Amino acid sequence: MYPVIALIVLTLFTWFVAIWASCNDASEEPHDVEKPETSSDAHDHRNAA
């Protein structure tokens, strides 16, 4: 009985971690949009130099 309970708990923990990771990926998308801006700023500095 205990191995079955441990398996269920481990499965639920894995699901929670997967959901949490996917939520973090979704929240980081705007940061990925900002990265080209910083690279374009660096490009502008290269053009100015």
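This write-up is about the structure you can find in this document. (Residues numbered from 1 in each chain as written. Predicted model: local features only at pLDDT ≥ 70, side-chain atom pairs only at ≥ 80, totals over all residues. Heavy atoms only, no water.)

### Looking at the overall build of the protein chain
To keep things clear, this is the line we draw: Segments assigned H or I by DSSP are reported as helices when at least four residues long, segments assigned E as strands when at least two residues long, and all are numbered from the N terminus. Classification of residues uses two cut-offs on accessible area relative to the type maximum, computed with a 1.4 Å probe and protein chains only: under 20% is buried, over 50% is exposed, and between them is partly exposed. Note on areas: Shrake-Rupley, 1.4 Å probe, and residue coverage restricted to the protein chains presented here.
Within the protein chain, the regular secondary structure consists of two helices and zero strands. Split into buried and exposed, the 49 residues of the protein chain put 0% on the buried side. Of the roughly 4600 Å² of accessible surface on the protein chain, 69% is carried by carbon and sulfur atoms.

### Some remarks on a nonpolar patch on the surface
This is how it is decided: The patches reported here contain residues having more than 30% relative accessible area and no salt bridge. Joining distances are 9 Å for like charges and 5 Å for nonpolar side chains (Val, Leu, Ile, Met, Phe, Trp, Tyr). The salt bridge criterion pairs a side-chain nitrogen of Lys or Arg with a carboxyl oxygen of Asp or Glu, the two atoms within 4 Å.
Side chains of Val4, Ile8, Leu12, Trp15, Phe16 and Ile19 sit close together on the surface and give an oily, nonpolar patch of about 640 Å² of accessible area. Take valine 4: it is sitting in helix 1 (residues 2-27).

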